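# Residue-level structure breakdown
The chain contents come next:
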Amino acid sequence: MSLSLPLQQQRLRGHLAARLLLLLGLIFLWHAAALAQAADEAVLDELPLAEETPVLSEREARLSETRLQLDEMQRSLDELRTRADQLRRQGSARNLPEEEREEVQQLLLQVEAQRRTLRASFESIALSGLDLSLFDDARSAQQEFNWQEELLTILRPLFSEMRQLTERPRTIERLRSERALINQRLYATEQALANLAAVNVEDLSAATRTRLKDLEQNWSERLSELQRQRNMTQLQLDNLLAQEHTWYQQAWYGASEFFVGRGMTLLLAVFSFLALIVLLQGGMNQWLRYRARKHKVRRSIKVRLFILGYRLFTGLLAVLVFLMVLYAAGDLVLFSLALLVVIALLLSFRNYLPRYLNEAKLFLNAGQVRESERVIYRGIPWQINSIGFYARLVNPELDNGVIRLPLSELSQLVSRPVPHDEPWFPTRPGEFIMLPDGTFALVERQTPEIVQLKVRNNAVYYATADFLALRPRNMSRGSFVVIGIFGIDYQHQDIALDVVPEVFKAAVQKELAESVVAEHVEDLLVEFKDAGESSLNYLIVVTVNGASAGQNFKVERIIQSACVRTCNEQGWIIPFKQITVHQGEGFERLHQRLPSTNDR
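As the structure is a prediction and not an experimental result, all values here were calculated from the model. For every chain, the first residue of its written sequence is number 1, and the numbers climb from 1 along that sequence. Totals for whole chains, interfaces and linings use all residues, but because this is a predicted model, local features are given only for residues with pLDDT of at least 70 and pairs of side-chain atoms are given and counted only at 80 or more. Hydrogens and waters are ignored; side-chain quantities use all the structure's heavy atoms.

## What about the confidence of the model for the chain?
Per-residue confidence for the chain gives a mean pLDDT of 77; residues scoring 70 or more make up 74%. The pLDDT score gives, residue by residue, the confidence of the prediction method on a 0 to 100 scale. By definition in these notes, contact holds between two residues if any of their heavy atoms fall within 4.5 Å. Low pLDDT, under 50, characterises residues 578–584; the predicted model gives this stretch two contacts beyond four residues in sequence or across chains.

Quick look at the structure:
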């Protein structure tokens, strides 16, 4: 006892040190994730710089082109401002007819719209094609999620992440569609200006020439605006296409971004989940093993309730820690996915609730299957050694006779109390059996799956359940009998009932005493059996201890040889089967009908 206590203390110290190391590792990973997340933006900013170094001249060319476009757009803005001032002065004239005043107002509205569009284009080009719609509050309000469009409000970050992943290809496709539409409008505008230029204005009145000139100016301004829109769209498209990388660069960038940011967060959450389960469940398992070694008693229902509640608490706490790590890291996408999985598990748990309640009854040892009782599983008897989250079944008569069953499988069975003298298997290795078909065999091995027999020096295999279904007769347990039948001729009928049985018994007893089974012979019986067709038959029964079960056929041969030797010594005749043919009147008539030999 003095030696076991220090060993237990040393083991407890070792487990405590292991748990402290796991806790320190958890804290280290937590800080590593925080540092990685803090350095994420710097790392991502450095990646494009390394790729832009080889194409520096191309970037300078784009910047030079951008400066030229900005200068041209500024001149256009100045022209539009001058044109708007002229239209305001023209519209404020008192002697201007009402119809022309309305036309001037329409032209002024068009010019102001062009100015607003041109100012937006100027800002977009100056910002290198940046999508300014992100700062449009009205558009953002239109794109807000609501409960009718989404399954759950908390899944917004997940859908936003998915939309962001496809934002670039969708933007490229939208710009290409806009460029195609602008080209169509440019073609139509050029056709309109060509048609206006083809009109001969020499024969027209001054008012008509003035109106045509104004119309041509409007279409010219529209042409300039479309050209600016095309240049701006092409610039945005070029900027997006210039950022496109090869597939392996994109894969490497995506993998590095994942492992540095979201991957590290997920790893930390999984590690926290597993570490908590290992720490709490490991401590509980150590306590259970210590209690089993010390007390050597079955678990009471109070202990089982405590274990069940503790493990449920451990599972819930581990899930909460997993979610808290994701939430603390600020990754709402992973948090939404994890929460969605938890909700799905809870919804599916409702369908399996009756099954789990039944398994909980089994765990508490209060169901239809209980510890230390006997149960038949797949045709083989088993003793229920213990019931936890798995059941341990034992058959002491089988080699490796231990199996582990889940509670879902155990819930399909019914056990019963069993006395100590009830056998668990009809045979053991080394015993001799007799099968219903007369096969005499030696049991070499028996496992939960197969029974190996030796029949005439050949190995024969049976499935264990099929072997039990045959109901073999075990000749090595208790005693077995060997029965012999022997007959003599009817001419010895006068001594058949008194002399012959005694002589046969003495002869058989003498032969058995000189054989290898002499010490295992328990009884010998010789009696007159019946009067057969051609012999007087005697029944010879030898009872032999099961230790000589392997000499079964030898005992049969001893009986026959002793009887034959006795007949030779006594001069008794051993008959053989005879067939007597009785000839009646029918045979005589048949003989008369057959032709004689002389007729032939």
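## So, the environment of P436
Numbered from the N terminus, helices here are DSSP runs of H or I no shorter than four residues, and strands are runs of E no shorter than two. Tracing the chain through its elements places P436 in the loop between β5 (432–434) and β6 (440–446). For P436 and R471, which are 35 residues apart along the polypeptide, the C-alpha to C-alpha distance reads 7.6 Å. Among all residues touching P436, those that are not within four sequence positions of it are L470 and R471.

## Observations regarding the layout of surface pockets
If you add up the space inside the second largest pocket, you get close to 1,100 Å³. Both cavities and pockets are sets of points on a 1 Å grid over the protein atoms alone; in a cavity a 1.4 Å probe fits but cannot get out, in a pocket the set is open with protein on both sides within 12 Å along at least five of seven lines, and lining residues sit with an atom within 4 Å of a point. As for the second largest pocket, its lining consists of 27 residues, and the residues nearest its centre are L312, G315, L316, F349 and Y356. Those elements that place two or more of their residues in the lining of the second largest pocket are α10 (301–328), α11 (332–351) and α12 (353–363). Among the elements that line the lining of the second largest pocket, the one with the most residues is α10, at nine residues. Residue classes in the lining of the second largest pocket are distributed as 23 nonpolar, two polar and two charged. Grid points are joined across faces, edges and corners, and a volume is the space filled by probe spheres set on the points. Ten residues, namely Ala, Val, Leu, Ile, Met, Phe, Trp, Tyr, Cys and Pro, are considered nonpolar, four, namely Asp, Glu, Lys and Arg, are considered charged, and the remaining ones, Gly among them, are considered polar.

## Considerations on the nonpolar core
In terms of nonpolar packing, the biggest core is built from 33 residues, with W382, L410 and L453 touching the most fellow members. For our purposes a nonpolar core is just a set of buried Ala, Val, Leu, Ile, Met, Phe, Trp, Tyr and Cys residues, chained together by side-chain atoms within 4.5 Å. Three labels apply to residues, based on accessible area from a 1.4 Å probe with only protein chains included: buried if under 20% of the type maximum, exposed if over 50%, partly exposed otherwise in between. In this structure, F440, V482, A496 and V508 belong to the second largest nonpolar core, which totals 28 residues.

## Let's talk about empty space enclosed by the protein
Under the counting rule described, the total for this entry stands at one cavity of 30 Å³ or more. By volume, the largest cavity is sized at about 40 Å³. Surrounding the largest cavity, Q69, E72, M73, I125, R228 and N231 form its lining. Looking at the lining of the largest cavity, the element that brings in the most residues is helix α3 (residues 56–91), giving three residues.

## Section: the pairing of strand β4 (residues 402–406)
Of the two faces of β4, only the one carrying I403 and L405 is buried; V402, R404 and P406 on the other face are not. We treat two strands as partners when DSSP finds at least two bridges between them. As paired strands, strand β3 (residues 390–394) and β4 are joined by five bridges and run antiparallel to one another. When the sheet's bridge partners are listed, L393 is paired in β4 with I403.

## Notes on unusual backbone geometry
Apart from glycine, the bulk of residues carry a negative phi angle, and the bulk of peptide bonds sit in the trans form. Residue N457 is not a glycine yet carries a positive backbone phi of 65 degrees. We note that R471 has phi near 55 degrees; this positive angle belongs to a residue other than glycine. Note on placement: R471 falls in the loop between α14 (464–469) and β9 (473–474). The class of R471 is exposed, set by a relative accessible area of 73%.

## Notes on the side chain of S515
Positionally, S515 belongs in the loop between α15 (499–513) and β11 (521–531). Think of a polar contact as two N or O atoms within 3.5 Å of one another; within protein, one of them needs to be a possible hydrogen donor and the other a possible acceptor, and neighboring residues in sequence only count if both atoms come from side chains. Of note is the side chain of S515, whose polar atom sits 2.7 Å from the backbone oxygen of L512.

## Focus on the sheet that holds strand β12 (residues 536–545)
Pairing within the open sheet is antiparallel, and its three strands lie in the order β10-β12-β11. Of all the strands in the sheet, the pair left with one neighbour each is β10 (479–488) and β11. Recorded for the sheet is a direction-independent mean angle of 20 degrees between the axes of neighbouring strands. Sheet topology note: the β11/β12 ladder contains nine bridges and is antiparallel. When the bridges of β12 are listed, L525 appears paired with V541. Of the strands in this sheet, β10, β11 and β12 are in contact with α15, which crosses β11 at around 145 degrees. Every axis in this analysis is a line fitted to C-alpha atoms, fitted for helices over the stretch in contact. Angles between the N-to-C directions lie between 0 and 180 degrees. Against the sheet, helix α16 (residues 552–570) touches β10 and β12, its axis set at about 30 degrees to β10.

## Some words on the side chain of R115
Mapping R115 onto the fold places it in helix α4 (residues 98–126). Taking relative accessible area as the criterion, R115 reaches 14% and is therefore assigned buried. Residues within four places of R115 in sequence aside, it is in contact with L77, L80, R81, A84 and R88.

## Observations regarding a negative patch on the surface
What goes into a patch is any residue over 30% in relative accessible area without a salt bridge, connected to like charges within 9 Å or, for nonpolar side chains (Val, Leu, Ile, Met, Phe, Trp, Tyr), within 5 Å. Per-residue and other accessible areas were derived by the Shrake-Rupley procedure at a 1.4 Å probe size, with only the shown protein chains allowed to occlude residues. The salt bridge definition used is simple: a Lys or Arg side-chain nitrogen within 4 Å of an Asp or Glu carboxyl oxygen. Positive charges are assigned to Lys and Arg, negative charges to Asp and Glu, while His and the chain termini are left out of the count. The atoms used to mark charge sites are NZ of Lys, CZ of Arg, CG of Asp and CD of Glu. Among the surface-exposed residues, E98, E99, E100 and E102 lie close enough to one another that they form a single negatively charged patch. Judged by its relative accessible area of 63%, E99 is exposed.

## Quick notes on the packing of aromatic side chains
Geometry of aromatic contacts follows a simple scheme: Phe, Tyr and Trp rings, the Trp one being its six-membered ring, pair when their centres are within 6.5 Å, and the pair is stacked under 30 degrees between planes, edge-to-face over 60, tilted otherwise. This model, assessed by the stated rule, comprises nine aromatic pairs. Considering the side-chain rings of F486 and F504, the 5.6 Å spacing of their centres and the 85 degrees angle between planes classify their relative orientation as edge-to-face. Here the residue F486 occupies a position in strand β10, and F504 occupies one in helix α15, the gap between them amounting to 18 residues. Side by side, F486 and F504 carry an identical accessibility label, which is buried. Summarising the aromatic geometry, the rings of F504 and W572 are spaced 5.7 Å apart at their centres and angled 85 degrees between planes, so their arrangement reads as edge-to-face. Of the two residues, F504 sits in helix α15 while W572 sits in the loop between α16 and α17 (585–593), which places them 68 residues apart along the sequence. Throughout this description, the term charge over a ring refers to an Arg CZ or Lys NZ atom that lies within 6 Å of the ring centre and within 35 degrees of the ring normal. Here R222 stacks its cationic end above the ring of W219, 4.3 Å away from the centre of that ring. Against the face of W424 rests R374, its NZ or CZ located 4.7 Å from the ring centre.

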